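Chain and residue survey
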Amino acid sequence: MSRVGVLLLNLGGPDKLEDVGPFLYNLFSDPEIIRLPFRWLQKPLAWFIASRRTRTSQENYKQIGGGSPLRRITEAQGEALKEQLGYSGQEANIYVGMRYWHPYTEEAIAQLTQDNIEKLVILPLYPQFSISTSGSSFRLLEKLWQEDPKLQRLEYTVIPSWYKQPSYLQAMAELIAQELDQFPNPNEVHIFFSAHGVPKSYVEEAGDPYQQEIEDCTALIMQTLNRPNSHTLAYQSRVGPVEWLQPYTEDALKELGAQGVKDLVVVPISFVSEHIETLQEIDIEYREVAEEAGIHNFRRVPAPNTHPVFIKALADLVIDALKEPSFKLSQAAQMKKRVKMYPQERWEWGMTTSAEVWNGRIAMLGFIALIIELVTGHGLLHMIGLLQ
């Protein structure tokens, strides 16, 4: 039998408070996150932003124990997946590749190459595809493949998104039902799906399928849950003045409070592991918003983490991928896009619509604000937030 490997992809997060600064530096050193007219500006600007953001971000991480649990949970998911695959008769080595922190994707690739893996399944831990999550990791992997002849001989397949997987939907339905049943009148509780947001231009200009996949996923989960509860879908983690996908979580919570909603269950739909956006942003920040709006019975559905039905979903995805024709990185990175985002080409000076897409998260602030910040030192970049 061929030696099979499974590469789990995730963003990564600082393990302890001392890691926050270097993590931010890695994040903003990526030209996929900030596109500049001059390459030599990349690392100095990354250092500048990281130094400005580190203390504030550390305060947020202090509220959840001093670091991100993402690595620990992802590695536990990998161990559970390996065990589940074994039960199904499929032996496999599991590798964890983080985009911006240890264990880096490059480290995982080096290890699986050393282990002489012959067949590889690349599985992003993002149920829905977005150019800013799975897409970023796929582009990095494509670059690594182009540079390494040994990787080019490796038989591999990519799972670009998997939000329709039946066991995943069942796991989400079970987790929601458990929280609903904590209320005296479970069927009257409003279900609030909160997904990570992306700039609207990603969808409208670049053709990112993320919004459509999130909406489809929400509908499928509600169908699987099969309860009469009303529900809302909103998008969290917006920063800066550029328009993001709407409705925004904070605004939607206030509106529900004004409508008289008292009982609420929040579902972190785009997250499969606990991290800063579930433990701090939802559990602390959005809980306060909800309570101020009059929603006093606020519960949050846990992320799937190592829920047995969720792990079965991952195992089924791997087994099915090994049976089907291979799906390549070049295919996974393609979208129905109106502007060419990748590979990066020449700089289009100014804040055109295309430049908004190119700039990623810095587009939220605008190119002019960036230049003013660099020249004057005014505090315009304080609005830049963390993803993890």
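Residues numbered from 1 in each chain as written. Predicted model: local features only at pLDDT ≥ 70, side-chain atom pairs only at ≥ 80, totals over all residues. Heavy atoms only, no water.

Okay, the overall build of the protein chain next. Along the backbone of the protein chain there are 15 helices and eight strands. Within the span of the protein chain, comprising 388 residues, buried residues form 58% of the whole. Here the analysis covers contacts within the protein chain between residues at least 6 apart in sequence; of these, 79% occur between residues at least 24 apart. For the protein chain, the exposed area adds up to about 16600 Å²; of that, 50% sits on carbon and sulfur atoms. (Helix = DSSP H or I, 4+ residues; strand = E, 2+ residues; numbered from the N terminus. Buried < 20%, exposed > 50% of the residue type's maximum accessible area, 1.4 Å probe, protein only. Contact = heavy atoms within 4.5 Å. Areas by Shrake-Rupley, 256 points an atom, 1.4 Å probe, with all protein chains shown as cover.)

With an omega dihedral of -10 degrees, the bond running from histidine 102 to proline 103 counts as a cis peptide bond. Here proline 103 is to be found in the loop between strand E2 (93-98) and helix H4 (105-114). In this chain, glutamine 246 is followed by proline 247 through a cis amide linkage whose omega measures 5 degrees. With respect to the element layout, proline 247 can be found in the loop between strand E6 (231-236) and helix H10 (249-258). Backbone geometry at asparagine 226 places phi at a positive 55 degrees, although glycine is not the residue there. By the secondary structure assignment, asparagine 226 is in the loop between helix H9 (210-225) and E6. Taking relative accessible area as the criterion, asparagine 226 reaches 66% and is therefore assigned exposed.

In space, the four strands of this open sheet follow the order E2-E1-E3-E4, with parallel pairing throughout. At either margin of the open sheet sits one strand with a lone partner, and together these are E2 and strand E4 (155-158). Across the sheet, the mean angle from the axis of one strand to that of its neighbour is 20 degrees, orientation sign disregarded. Two elements, strand E1 (residues 4-10) and strand E3 (residues 119-124), share six bridges in a ladder whose sense is parallel. The residue bridging leucine 7 from the neighbouring strand is isoleucine 122, located in E3. Strands E1 and E2 of the sheet are contacted by helix H3 (residues 70-87), whose axis makes an angle of about 155 degrees with E2. (Pairing = 2+ DSSP bridges. Axes fitted to C-alpha atoms, helices over the stretch in contact; angles between N-to-C directions.)

An order of E6-E5-E7-E8 is seen for the four strands of this open sheet, with the pairing classed as parallel. Lying at the two open borders of the sheet, with one neighbouring strand each, are E6 and strand E8 (297-300). Sheet twist, expressed as the mean angle between neighbouring strand axes with direction ignored, is 25 degrees. Of the strands in this sheet, strand E5 (190-196), strand E7 (263-268) and E8 touch helix H7 (residues 166-180), which is tilted by about 155 degrees from E7. Contacts from helix H11 (residues 276-292) reach E5, E6, E7 and E8, with the element oriented near 170 degrees to E8.

Alternating residues of E8 divide into Phe298 and Arg300, all buried, and Asn297 and Arg299, none buried. Two strands pair when backbone bridges link them, and E7 and E8 are joined in this way by four bridges, in the parallel orientation. Bridge pairing links valine 266 to arginine 300 in E8. Read from E7 through H11 to E8, the crossover connection turns out right-handed. (Right-handed = clockwise from strand over helix to strand, strands pointing away.)

Listed under "binding site: Fe(2+)" (unreviewed entry) in the UniProt record, and renumbered for this structure, are His196 and Glu277. Spatial clustering of the annotated residues is evident: they stretch over 82 residues in sequence, but the largest pairwise C-alpha distance comes to 8.5 Å. Counting through the fold element by element, histidine 196 comes out in strand E5. Turning to its location among the elements, glutamate 277 is positioned in helix H11. A residue is classified by how much of its surface remains accessible, and glutamate 277, at 2% relative accessible area, is buried. (UniProt positions renumbered as here; feature names shortened; annotations may be inferred.)

Attention shifts here to the packing of H7 against H9. At a minimum axis distance of 9 Å, the contact between H7 and H9 shows a crossing angle of 65 degrees. The element H7 and its partner H9 pack so that their crossing is right-handed. In this structure, H7 contributes Tyr168, Leu169, Gln170, Met172, Ala173, Ile176, Ala177 and Leu180 to the contact, and H9 contributes Cys217, Leu220, Ile221, Thr224 and Leu225. Here the residues of the contact of H7 with H9 sort into 11 nonpolar, two polar and no charged. (Left-handed = near helix turned anticlockwise from the far one by under 90°. Nonpolar A, V, L, I, M, F, W, Y, C, P; charged D, E, K, R; others polar.)

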